[in-house]
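So the chains spell out like this:
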Number of protein chains: 2
Amino acid sequence: MHFGIKRVVIQSVTPQVNGGVFPVKKVVGESVTVQADIFSEGHHHLGADLLWKEVNENEWQRIPMSFVENDRWQAEFPTETVGNYLYTIEAWIDYYASWKEDLLKKIKAETFVNVDIEPGIQVLESIQGNVTRPVAKIIDSIKKKIKESTSSKQLLNYIESLELNDIPRYMLGINSVTRFDKELHVNVKRKKALFSTWYEFFPRSSNPTEAKHGTFKDCIKLIPYIASMGFDTIYFPPIHPIGKKNRKGANNTLCSDGKSPGSPWAIGSKSGGHDAINPELGTMADFHKLIKVAKKNGLEIAIDLAFQCSPDHPYLKKYPEWFKWRSDGTVQFAENPPKKYEDIVPFDFESEQWQELWNELKRVVLFWVEQGIEIFRVDNPHTKPFPFWEWLISEVNHKNPNVLFLSEAFTRPKVMKTLAKVGFDQSYTYFTWRNTKEELTTYVKDLIESSTKEYFRPNFWANTPDILPEYLQYGGKSAHIIRYALAATLSSNCGIYGPVYELIVNQAIVGKEEYLDSEKYEVKTWDLTKNGSISELISLINKARRENPALQTTWNTKFVETENDALIAYVKKAPHDKCNHILVVVNLDYHNVRSGMIHLPLKDLCINDKPYLMHDLITNEKYIWAGESNYVELKPYVIPVHIFKIQSEMKKENNFDYFM
Amino acid sequence: MHFGIKRVVIQSVTPQVNGGVFPVKKVVGESVTVQADIFSEGHHHLGADLLWKEVNENEWQRIPMSFVENDRWQAEFPTETVGNYLYTIEAWIDYYASWKEDLLKKIKAETFVNVDIEPGIQVLESIQGNVTRPVAKIIDSIKKKIKESTSSKQLLNYIESLELNDIPRYMLGINSVTRFDKELHVNVKRKKALFSTWYEFFPRSSNPTEAKHGTFKDCIKLIPYIASMGFDTIYFPPIHPIGKKNRKGANNTLCSDGKSPGSPWAIGSKSGGHDAINPELGTMADFHKLIKVAKKNGLEIAIDLAFQCSPDHPYLKKYPEWFKWRSDGTVQFAENPPKKYEDIVPFDFESEQWQELWNELKRVVLFWVEQGIEIFRVDNPHTKPFPFWEWLISEVNHKNPNVLFLSEAFTRPKVMKTLAKVGFDQSYTYFTWRNTKEELTTYVKDLIESSTKEYFRPNFWANTPDILPEYLQYGGKSAHIIRYALAATLSSNCGIYGPVYELIVNQAIVGKEEYLDSEKYEVKTWDLTKNGSISELISLINKARRENPALQTTWNTKFVETENDALIAYVKKAPHDKCNHILVVVNLDYHNVRSGMIHLPLKDLCINDKPYLMHDLITNEKYIWAGESNYVELKPYVIPVHIFKIQSEMKKENNFDYFM
């Protein structure tokens, strides 16, 4: 019973999500930096180890923690494989170090007496029985040497140089070792959870012939175009059969002529439901082929999980208990009074048969996983219960830990964050409505400087089929470049809904953020070679992302001062590559040329007194900068963005020698 | 099994100390304001109750929580008696309110159809079986009225006016009621834990005859003097027998002539140990009498718990296992190498017999509680294990919940705070070394605006026998007034070590914060009537504290802007008395007259456009102020402090009518 002796306090351990209820999230290659307040009463020397292991391993691995300041300690452990990890902390009073410090002080102050060596000898003796024979021998010789030192000066020199490297430090804590009372979880995903570049498009708009319904075969022909822009993920709105009843026509009107293709989100018809393919798009075999071709081109297909039904969905007959019925025999369709969505029927998650419903929806997801889909964009997850998502995502990841889920939760901040906590790997954000320097800076800081970063991976979308922001409506081409550059450099997960984006299709329904004549209700045909397309610029931005580790994480953005409110600037340093430093400068004013001085934190960037080279990865121009403050001018009608690679070590061949 | 339906999230509940490991602290009359994030998926209406009870009660009391903003809810409960309370939260989906809102929208938008009333009727029916018969009858008539409404306008009017006041709201949550997964503790102490005014003095210096050892009988004669200054607590350094061996003499030298009275902290001699009284001070009967007289004069006696021994303490022979012995037969005395404290032997809290040691120390405390002592100032608690204090304080409070403990932990911030968490009711602070406006503002904000305020009650000491701060050394009388005024108005717990304080005895050992010829090692005789004593000023400050609830809590300080860096100003509003508003202005420059404009937040202080009266409680002068900004000038050689009572409603008899 050592309760009275185990008195080292371990508290305020970070990272923790809701006190350990939810896991911390990482991707392979990110390390987990753990900090804790560790202290005891008095002035003892302490020792601490960070303990970590993969969930199924038996043995803990140990890494010594280092003192930072103000009783705070730190260590980090690597996450090398996809899976779930645990970590905790042990700390103890380091009796040996406490004794050593006191002894050295006494010797120096010449107050040393022989009995002062006793406590140290006692510590060494107490651990001698618990170590390997060679270590026990080392301890023996140390003890002997301490005892036999003939002068205090000799003892001083010997003790000062002694490191005890062979002895596990926690042994020196004897009975004082305290274990933190929680084992905290870390969920490690593949790198794509943190670095992904999304291109959303409607597969039915893939046919080059005017107004002809596109198919997966047509989509295959578009793969090289999308790959050339440098995307790595294609996201399709729902590809399932579309209901006929109450089908919506152009601009969300009720379709009376039966000619509208309907909204893909009105899922289910006599051709099938959530596990079927809309026959107009092709067959499952076509879809498999598309997945294969995409893969060859470095692209993964993501599909939409929209857990709702058209009134024609087979579920309504097969599982009527999953829906709300009214006494007049009608089903309760979706509504947000006074708005009605007559083509959509929601599941009743309060049904007595909720378990059957959950199991069927899990079956649907696993069905698509079997078809080769490992990324799901989830439609409106905030209208279904959190426990459902927590269960579903965990079940699916248990079968296949590579599956990723993107939450389309445009909702209140705490609901959005809770969806991330219960398991979503990425989330839509408010980026779409953050335009000014102040708004962007505040928002990004909230995401990356608060504890939100432990579990919430943002995915910055410049537009979506539901959102054509006013900035894009009014700002045209420059605005589209500006917003994609921001999305792609402020967040390592980003996306656009094309081809409307690169073709600058930006006419909205007056007074709304809705696209006029939206593809949501119509088949479209796009001329991808149209003059004015910004596809080439997008490729350059995506190339910069691909080639620079600094742009492959969201957590490293540091805003820097600019002397112009329309110029936003930030540096990003690669976590593991000391040479990869990026400076992004964006002119947020899509109308006017803006210029000003940019102030760089040279020390942080390892730049010394010499001039340094700024290589613009978009224009391929090179600038020689010197000192902290340099001039930038950005013209919206040319290119409103710099993405500079900072080259602090200029080479001889650059002929800048005369500067040095 | 309603796991899938109970989906309301309750999180980020405040107040919590270390996730509920330690209790939140309050005094009788303070209320506990509880906040939580409460939300579910979607847009349901929610309901929430704060549940609370005294620990030993069976039934929870319920108070409805109100929505604040951004999914945050709030309610508060009162703490009317000393003891331990629990609180938790329940929340649910309010199906009735959700239905009501939708229905009203539909009626207004004229999309209402008859079946739209069904969900509401269903909610009412589902709870009808669980309520009292009269309530069930009310529900019946409501159902009837809803069903029988002949027009939607009639229904609209009826539903809009319906409040369901007789139905406990949580019943409307049906199966969705979620209980927060913790029951959080609140420890409620008597008011003195938050509002106390301490006067420390050495009882042996109470005799008016030069250098004669004072006794408790002499102390009794000083009670009226101390009471007249307005203190409510007298704290004595240890009153136990003092060891002879290695006794310290004047200015902490080793005493060789045997004439020194010794340091009271070297506890224990052949006359007894921690439960004995130094015979030079008198008898236990004298002490009882002192306690009684003090009580009559509104004063409580606090004694010192210094858990350490002189080498002569009876414990060393009786319980040698509680000490560290060295192979040369000597005991390990206290040291902080290279410093040695030869007159003090620490307990070895790592002893195998630690349990016996703990029990004996508990016996000592309870012994003094039996003598009538209910306040203990604890010497250096940070050199004894946290678990010991947690256990000791809880055991003592179990016997007598009125006992208060003040922690003299001048140590690192986290150690200091942990002692408060494990149970100390009050704590010494860094106030003693915070002199400038910036330092004071930052420090006080840290104490009252962070979560520290949930468990750490500061006690601001202007000086102690160990600390004569440089500010007092150099600043003389003005400095002493300034520092006591700050201590007494920034913290509702405050204290001085007198009579050196009020007599402005401030000569230090050169280069140190130690009093020269300190009472710690000598018997002193003080002329309390000496010219220049600030005892009268202290009485005025303490009178202001006694008469103004605004000065009886620490949590209400709001700093206000002043246009002079040497002028610090803050307002304090009484928590339960809307009319008691205090403004304190202090000139921190003890040398020079300082002046400047003070800016008051008039709205916060409920001051309208009219002029208002500022009544200085120290000088009794009255000033007419108007508007936000007013001029203040403070002269260090007169009185460097204003303690204004703000009188926003000026009376006719004040003859200020011409202003209005």
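Above this note sits the structure.
Now for a description of the structure that goes with this document. (Residues numbered from 1 in each chain as written. Chains lettered and ligands numbered in written order. Predicted model: local features only at pLDDT ≥ 70, side-chain atom pairs only at ≥ 80, totals over all residues. Heavy atoms only, no water.)

**Concerning the relation of the copies chain B and chain A**
Consideration 1: When chain B is fitted to chain A, the best match, at an RMSD of 0.1 Å, comes from turning it 180° and sliding it 0.0 Å along the axis. Read as a symmetry element, the transformation amounts to a two-fold axis. For chain B, the residue whose C-alpha comes nearest the rotation axis is B:Gly19, separated from it by 3.7 Å.
Consideration 2: A share of 98% of the interface residues of chain B reappears at the interface of chain A, consistent with the copies meeting face to face through the same patch. (Least-squares fit on C-alpha atoms with pLDDT ≥ 70 in both. Contact = heavy atoms within 4.5 Å.)

**Re the sheet that holds strand β21 (residues 404–408) of chain B**
All names here are of chain B.
Consideration 1: Pairing is parallel in the open sheet, where eight strands are placed in the order β22-β21-β20-β15-β12-β11-β24-β23. Edge positions in the sheet fall to β22 (426–427) and β23 (460–461), since each of these pairs with one other strand and no more.
Consideration 2: Pairing analysis gives three bridges linking strand β11 (residues 196–200) to strand β12 (residues 233–236), with the strands arranged parallel. By the bridge assignment, Trp198 is partnered in β12 with Thr233. (Pairing = 2+ DSSP bridges. Helix = DSSP H or I, 4+ residues; strand = E, 2+ residues; numbered from the N terminus.)

**A short note on the packing of aromatic side chains**
All names here are of chain B.
Consideration 1: Tallied over the full model, the rule gives 100 aromatic pairs over all chains.
Consideration 2: An angle of 35° between the planes, with centres 6.5 Å apart, marks the rings of Phe388 and Trp391 as tilted. Of the two residues, Phe388 and Trp391 both sit in helix α9 (residues 386–399), three residues apart, roughly one turn of that helix.
Consideration 3: Owing to a relative accessible area of 0%, Phe388 belongs among the buried residues under this scheme.
Consideration 4: Between Phe431 and Phe460 the ring centres are 4.4 Å apart and the planes differ by 5°, which places this aromatic pair in the stacked class. (Phe/Tyr/Trp six-rings, centres within 6.5 Å; stacked < 30°, edge-to-face > 60°. Buried < 20%, exposed > 50% of the residue type's maximum accessible area, 1.4 Å probe, protein only.)

**What to know about the packing of helix α1 (residues 95–108) of chain A against helix α4 (residues 152–161) of chain A**
Residue and element names in this part refer to chain A.
Consideration 1: Two numbers describe how α1 lies on α4: the axes approach to 10 Å, and their chain directions differ by 145°. α4 is crossed by α1, and the crossing has left-handed handedness. Listed contacts from α4 to Trp99, Lys100, Leu103, Leu104, Ile107 and Lys108 of α1 are Ser152, Leu155, Leu156, Ile159 and Glu160.
Consideration 2: Looking at the contact of α1 with α4 residue by residue, the class counts come to seven nonpolar, one polar and three charged. (Axes fitted to C-alpha atoms, helices over the stretch in contact; angles between N-to-C directions. Left-handed = near helix turned anticlockwise from the far one by under 90°. Nonpolar A, V, L, I, M, F, W, Y, C, P; charged D, E, K, R; others polar.)

**Brief notes about the sheet that holds strand β30 (residues 622–625) of chain B**
All names here are of chain B.
Consideration 1: The strand order β25-β26-β27-β32-β29-β30 describes an open sheet built from six strands, whose pairing is antiparallel. What marks the edges here is a single partner per strand, and that holds for β25 (557–559) and β30. In this sheet, adjacent strand axes meet at a mean angle of 30° when their direction is disregarded.
Consideration 2: Note that strand β27 (residues 581–587) and strand β32 (residues 641–647) share six bridges and pair antiparallel. Within the sheet, the bridge partner assigned to His581 lies in β32 and is Ile646.
Consideration 3: With respect to the sheet, helix α12 (residues 470–490) is in contact with β25, β26 (567–573), β27 and β32, its orientation differing from that of β26 by roughly 30°.

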